[in-house]
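As a plain string of letters, each chain reads:
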Amino acid sequence: MNHTALIAALRATRVLPVIEIEEAANAAPLAHALAEGGLKAVELTLRTASACEALAAAKKAEPELVVGMGTVLDEAGARRAIDAGADFLVTPGAPPALLQSLIGLGVPFLPGVATASEAMAARAAGVTLMKFFPAEPAGGTAYLKALSGPLPDLTFCPTGGVGPDAAPAYLALKNVVCVGGSWLAPRELIGARDWDAIRANARRAVAL
Ligand code: 3PG
């Protein structure tokens, strides 16, 4: 998937569920529930031993769903995610060495930034789509709106403390492509295999 196709998918989905999955066996029904709920993209996280297996299973179950891997902290993790079939990568921060490694891997990625300086460093590396993280503690909609003045060519996926109540205000900003959040498919609902609740959360998110 190229960068342009990724932006189109994120714009179409509006809300990017951020998911921590313990059991790879849950990945297929989870992917079905999110896709049936109308979402176009999802971010799994490299926080559990089964994350890569889960990503491969989600892709197999819902080939049209754009499946990314988040919590990528180093090149080794990025390579594992790409080998599993990740369509895109997400990092919580943007250390320059990691940015350069990821550019070399050729898969689109959203580096995490929380300040104007970090956004400028990512921009200097050629990146124009970023994760604004952690969005609420880092300044929320006011901060993102302020960034759009000096950095009008940058777009963001704010994530971190963003729930369904805060999401519409972010989505109304011209420099926001989508919002990310764990509220759609929290660990408890996945653990309980409550696919109906997750599907309903996805439907509500699409309607935001
Ligand atoms: C992330 O990694 O992006 C966050 O854990 C998601 O943030 P949230 O749980 O506050 O939605």
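Everything here concerns the structure above.
In this report, the structure presented in the accompanying data block is examined. Note that the coordinates shown come from a computational prediction; the quantities given were computed from them, not determined experimentally. (Residues numbered from 1 in each chain as written. Predicted model: local features only at pLDDT ≥ 70, side-chain atom pairs only at ≥ 80, totals over all residues. Heavy atoms only, no water.)

1. Quick notes on the overall build of the protein chain
And then number 1: Within the protein chain one finds 10 helices and 9 strands.
And then number 2: Against the compact-globule benchmark of 17 Å for 208 residues, the protein chain has a radius of gyration of 16 Å, which places it among compact chains.
And then number 3: In terms of principal-axis extent, the alpha carbons of the protein chain reach across some 45 × 35 × 25 Å.
And then number 4: A sequence separation of at least 24 residues applies to 60% of the contacts in the protein chain between residues at least 6 apart.
And then number 5: Carbon and sulfur atoms form 56% of the exposed surface of the protein chain, whose accessible area is close to 8700 Å².
And then number 6: Positive and negative charge centroids in the protein chain, built from 17 and 19 side chains respectively, lie 6 Å apart. (Helix = DSSP H or I, 4+ residues; strand = E, 2+ residues; numbered from the N terminus. Rg over C-alpha atoms; globule rule 2.2 N^0.38 Å. Contact = heavy atoms within 4.5 Å. Areas by Shrake-Rupley, 256 points an atom, 1.4 Å probe, with all protein chains shown as cover. Lys, Arg positive; Asp, Glu negative; His and termini not counted. Charge placed at Lys NZ, Arg CZ, Asp CG, Glu CD.)

2. As for the site of the ligand
And then number 1: Every residue close to the ligand is listed here: Val18, Arg47, Lys131, Phe133, Thr159, Gly160, Gly161, Gly181 and Ser182.
And then number 2: Interatomic distance of 2.7 Å between a side-chain N/O atom of Lys131 and an oxygen atom of the ligand.
And then number 3: The side chain of Ser182 places a nitrogen or oxygen atom 2.5 Å from an oxygen atom of the ligand.
And then number 4: Alone, the ligand offers 320 Å² of accessible surface; in the complex the protein occludes 77% of this.
And then number 5: Of the residues that constitute the shell around the ligand, the class distribution is 2 nonpolar, 5 polar and 2 charged. (Near = heavy atom within 4 Å. Polar contact = N/O pair within 3.5 Å; in protein donor to acceptor, adjacent residues only side chain to side chain. Nonpolar A, V, L, I, M, F, W, Y, C, P; charged D, E, K, R; others polar.)

3. Some points on the sheet that holds strand S3 (residues 66-70)
One key point about sheets: their strands pair by backbone hydrogen bonds, in either a parallel or an antiparallel sense.
And then number 1: Taken in spatial order, the 6 strands make up an open sheet running S5-S4-S3-S2-S1-S9, and their pairing is parallel. The two strands at the open ends of the sheet, each matched to only one other strand, are strand S5 (109-110) and strand S9 (179-181).
And then number 2: Sheet topology places strand S4 (residues 88-90) next to S5; 2 bridges connect them, and they run parallel. Paired with Val90 across the bridge in S5 is Leu110.
And then number 3: Contacting strand S1 (15-19), strand S2 (41-45), S3, S4 and S5, helix H1 (residues 3-13) runs over the sheet at an angle of about 95 degrees to S1. (Pairing = 2+ DSSP bridges. Axes fitted to C-alpha atoms, helices over the stretch in contact; angles between N-to-C directions.)

4. Overview of the nonpolar core
And then number 1: Residues Ile19, Leu30, Met69, Leu89 and Val179 are the most contacted members of the largest nonpolar core, which totals 62 residues.
And then number 2: When residues no more than four places from it in sequence are discounted, the contact partners of Ile19 are Leu30, Leu34, Val42, Glu43, Leu44, Thr45, Ala185 and Ile190.
And then number 3: Core analysis: the next-biggest nonpolar cluster, separate from the first, contains 14 residues, Leu16, Val66, Phe88 and Val90 among them. (Core = buried A, V, L, I, M, F, W, Y, C linked by side-chain atoms within 4.5 Å. Buried < 20%, exposed > 50% of the residue type's maximum accessible area, 1.4 Å probe, protein only.)

5. Topic: the packing of helix H2 (residues 27-36) against helix H10 (residues 195-206)
And then number 1: Axis separation between H2 and H10 bottoms out at 7 Å; the angle between their running directions is 35 degrees. In the crossing of H2 with H10, the sense of the turn from one axis to the other is right-handed. Seen from H2, the contacting residues are Pro29, Leu30, Ala33, Leu34 and Glu36; seen from H10, they are Trp195, Ile198, Arg199, Ala202 and Arg203.
And then number 2: Of the residues belonging to the contact of H2 with H10, the class tally is 7 nonpolar, no polar and 3 charged. (Left-handed = near helix turned anticlockwise from the far one by under 90°.)

That's the geometry; what it means functionally is another story.
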